[in-house]
Amino acid sequence: MRRVGLCLTFAAASACTEEVSRELPPVEVSPGRGALARLTEAQLGQALAAIFGPGVVAGGPVEPDLSAAGLRQVGAARTSLSEWGVEQYEGLAHGVARQVLSEDHRGWLPCPIDQLGQASCRDRAIRFVAERAWRRPLEPQEMAALDAVFDAAVAALPEEGAKAGLQYVISAILQSPDFLYRFEVGRVGDELDAFELATRLAFFLWNAPADDALWRAAVEGALPRDLVSEAERMMASPRFETGTRAFFEDLYHLYALDEVSKDPEAFLHFSSELRAEAREESLRFLIDLLVTKDGDYRDVFRAERTFASRRLAALYGVKATAREGFGEVALPPEGGRRGILGHAGFLMLSSHPIASSATLRGKFIREVFLCDVISAPPADVNTALPEPTGSAVTLRERVQEHLVEPSCSGCHNLMDPLGLGLEQFDALGRFRSLDRGAPIDPSGDLDGVSFGDAWELGDVLAEHPKIPGCIVRSVFRYALSREETTGERQLLELLTNRFVERGHTWRGLVLDIVASPSFRRVSEVER
């Protein structure tokens, strides 16, 4: 293993300045293999917009995003492309190529379309698309191959001429693995090259390809020297909010709200609009707390304010502060909810279509917020809860069987007491005090620390010692599209300590991960 000195930075300062430098002692770092991550559906759209402008539409289905180690971004580096997927991407590439050469979408062209027959115009257009799509300079042989595609298409479709040539070139570029995958593998030794670093940084911070300034830094050889200063520049952009939203959509599974359904007879207020607004509430809340205010990450669980639409405000029993869109609202203690645990999005996601679920809610808290591993139930175990009876009316009474049955209790004692603390919220997120006419007992404990209800659970969770290390690990995995290695455990400990020392701030954590050796290095492998 190579000994590498770390210099981790303050959020508001440049890396290693004399004023705020707290250089950490050398740490043993043995990074993992480089990532070859397929673009997620959202990243695919961002990549096309970076080439052709925001008006381009990536229509049609593509290979679905899959999750691994709790993140779709990690899953993107583990999934293979099926035959069906190859066909879908081929159709998408041809559709986009036709679209961007239509009269309504030609603003991206570096020269007039009627001059494409001229070699200089043709080559400028090809290079423009290919370098932005492949996120690196073209090799001479690659340019020659694309010229050959152009010439072959013109010869086969003489009536369409140069337009057909460029259309087929664009289609070929967009079907290439160099477009569909993020190459962060270390093309030379164990260091990512400048363009791989630019790609990793841009997708980490913005969930999109590098902008012109970052591209120039790569071309001019300023990376990795100016990597942290480039990160600070990019984090000052509104696009950093987009990247932060993408991370928390992934980590908190907010994308899954698109598929949530509730029994229409039991939940008359449920609608697709409510799902969308619940997702937006959580994202606005996170951006305001972590990006705008650079606040304490632990306040994700104990904040007493949120952003609500009129529909959500009615659901929460508070007064809306905006006639249209979202407004900031206070969450009173008598309403029982605060922080992300009280958001309709979290409560809907971790419930069944017809009823709340102590197990699903507790499992989410354990796995996502605390990074605990919950084993799947044995195949021969019945996981269904007993139906309500005269002696077992509330959910707490009905889950007792899981808590005492030896084959179930090990895991359910980790999950159910937490979920029962949220039982005063139904499967839609509405507050209630009764379950089938019987009073709800929302008390419980988290690893030996007791709480009386969901409001107190927010405090207990915020102060749990696993919270800092869990979010650090999750961000680390997202940034690198892989799980950590055993040779990076000491690095993660240092990053966690730094996160705590600086008040659990999001911006500081992001910069520290960018500054870490694992962000720019990969393991050395035979080539």
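In this text the structure is predicted, and so the values were computed from the model without any measurement. (Residues numbered from 1 in each chain as written. Predicted model: local features only at pLDDT ≥ 70, side-chain atom pairs only at ≥ 80, totals over all residues. Heavy atoms only, no water.)

Caption draft 1: Structural detail: the overall build of the protein. Each helix and strand counted, the protein has 23 helices and 10 strands in total. Buried residues in the protein amount to 56% of all 527 residues. In the protein, the share of contacts with a sequence separation of at least 24, taken over all contacts with a separation of at least 6, comes to 69%. Surface summary for the protein: the accessible area is close to 22800 Å², and the carbon and sulfur share equals 51%. (Helix = DSSP H or I, 4+ residues; strand = E, 2+ residues; numbered from the N terminus. Buried < 20%, exposed > 50% of the residue type's maximum accessible area, 1.4 Å probe, protein only. Contact = heavy atoms within 4.5 Å. Areas by Shrake-Rupley, 256 points an atom, 1.4 Å probe, with all protein chains shown as cover.)

Caption draft 2: Up close: the environment of N413. Locating N413 in the fold gives a position in helix α18 (residues 406–420). Note: C-alpha distance between N413 and T359 (54 residues apart in sequence) is 9.4 Å.

Caption draft 3: Quick peek at helix α8 (residues 194–206). An ideal rise of 1.5 Å per residue puts 18 Å on 13 residues; α8 measures up with 18 Å between its terminal C-alpha atoms. The element α8 is largely enclosed, with a buried count of 13 among its 13 residues. At the N-terminal end of α8, a side-chain oxygen is found 3.0 Å from the backbone nitrogen of F195, two or three residues along, and the residue is D193. Looking one or two residues beyond α8, the residue adopting positive phi is N207, at roughly 55°. (Expected span 1.5 Å × (residues − 1). Polar contact = N/O pair within 3.5 Å; in protein donor to acceptor, adjacent residues only side chain to side chain.)

Caption draft 4: Spatial organisation of empty space enclosed by the protein. The tally for this structure, following the rule as stated, stands at 5 cavities of 30 Å³ or more. In this structure, the largest cavity encloses a volume near 70 Å³. The wall of the largest cavity is formed by W134, R135, R136, D178, Y181, F183, R187, F195, E196 and T199. Of all the secondary structure elements, the ones that give two or more residues to the lining of the largest cavity are β4 (181–184) and α8. Here the lining of the largest cavity takes 3 residues from α8, the largest share from any one element. Across the lining of the largest cavity, the residue classes tally to 4 nonpolar, 1 polar and 5 charged. If you add up the space inside the second largest cavity, you get close to 50 Å³. Lining of the second largest cavity is provided by F204, L205, F240, G243, T244, F247, V475, W506 and V510. (1 Å grid on protein atoms, 1.4 Å probe; cavity = no way out; pocket = protein on both sides within 12 Å on 5 of 7 lines; lining within 4 Å. Points joined across faces, edges and corners; volume = space filled by probe spheres on them. Nonpolar A, V, L, I, M, F, W, Y, C, P; charged D, E, K, R; others polar.)

Caption draft 5: Looking closely at the packing of helix α9 (residues 212–219) against helix α10 (residues 227–235). One way to put it is that α9 packs onto α10 with a least axis distance of 11 Å and a crossing angle of 170°. In terms of orientation, α9 and α10 fall into the roughly antiparallel class. Facing α9, whose interface residues are A213, L214 and A217, α10 presents E230, R233 and M234. Here the residues of the contact of α9 with α10 sort into 4 nonpolar, no polar and 2 charged. (Axes fitted to C-alpha atoms, helices over the stretch in contact; angles between N-to-C directions. Parallel < 35°, antiparallel > 145°, perpendicular 65-115°, else oblique.)

Caption draft 6: Broad picture of the packing of aromatic side chains. Throughout the structure, instances matching the rule amount to 16 aromatic pairs. For the ring pair W108 and F128, a centre distance of 6.1 Å and an interplane angle of 20° mean the geometry is stacked. Here the residue W108 occupies a position in the loop between α3 (83–100) and α4 (119–134), and F128 occupies one in helix α4, the gap between them amounting to 20 residues. Classification of W108 by relative accessible area gives buried; the value is 7%. Judged by relative accessible area, which is 18%, F128 ranks as buried. On the numbers, 5.1 Å between centres and 80° between planes, the contact of F247 with Y478 is edge-to-face. Of the two residues, F247 is situated in helix α11 (residues 239–251) and Y478 in helix α20 (residues 466–480); the sequence distance between them amounts to 231 residues. The burial state of F247 is the same as that of Y478; both residues are buried. Three or more aromatic residues joined by ring pairs make a cluster, and in this case those are F247, F248, Y252, Y297, F301, F346, F364, F369, Y478 and W506. (Phe/Tyr/Trp six-rings, centres within 6.5 Å; stacked < 30°, edge-to-face > 60°.)

Caption draft 7: The arrangement of the state of the cysteines in detail. Here the structure, examined in full by the defined rule, presents 2 disulfides. One disulfide bridge connects C111 with C121, the sulfur atoms lying 1.9 Å from each other. Taking the torsion about the S-S bond as the criterion, the C111 to C121 disulfide, at about 85°, is right-handed. Highlighted residues: C111 in the loop between α3 and α4 and C121 in helix α4, separated in sequence by 10 residues. Per residue, the accessibility class of C111 equals that of C121, and both read buried. (Disulfide = S-S within 2.5 Å.)

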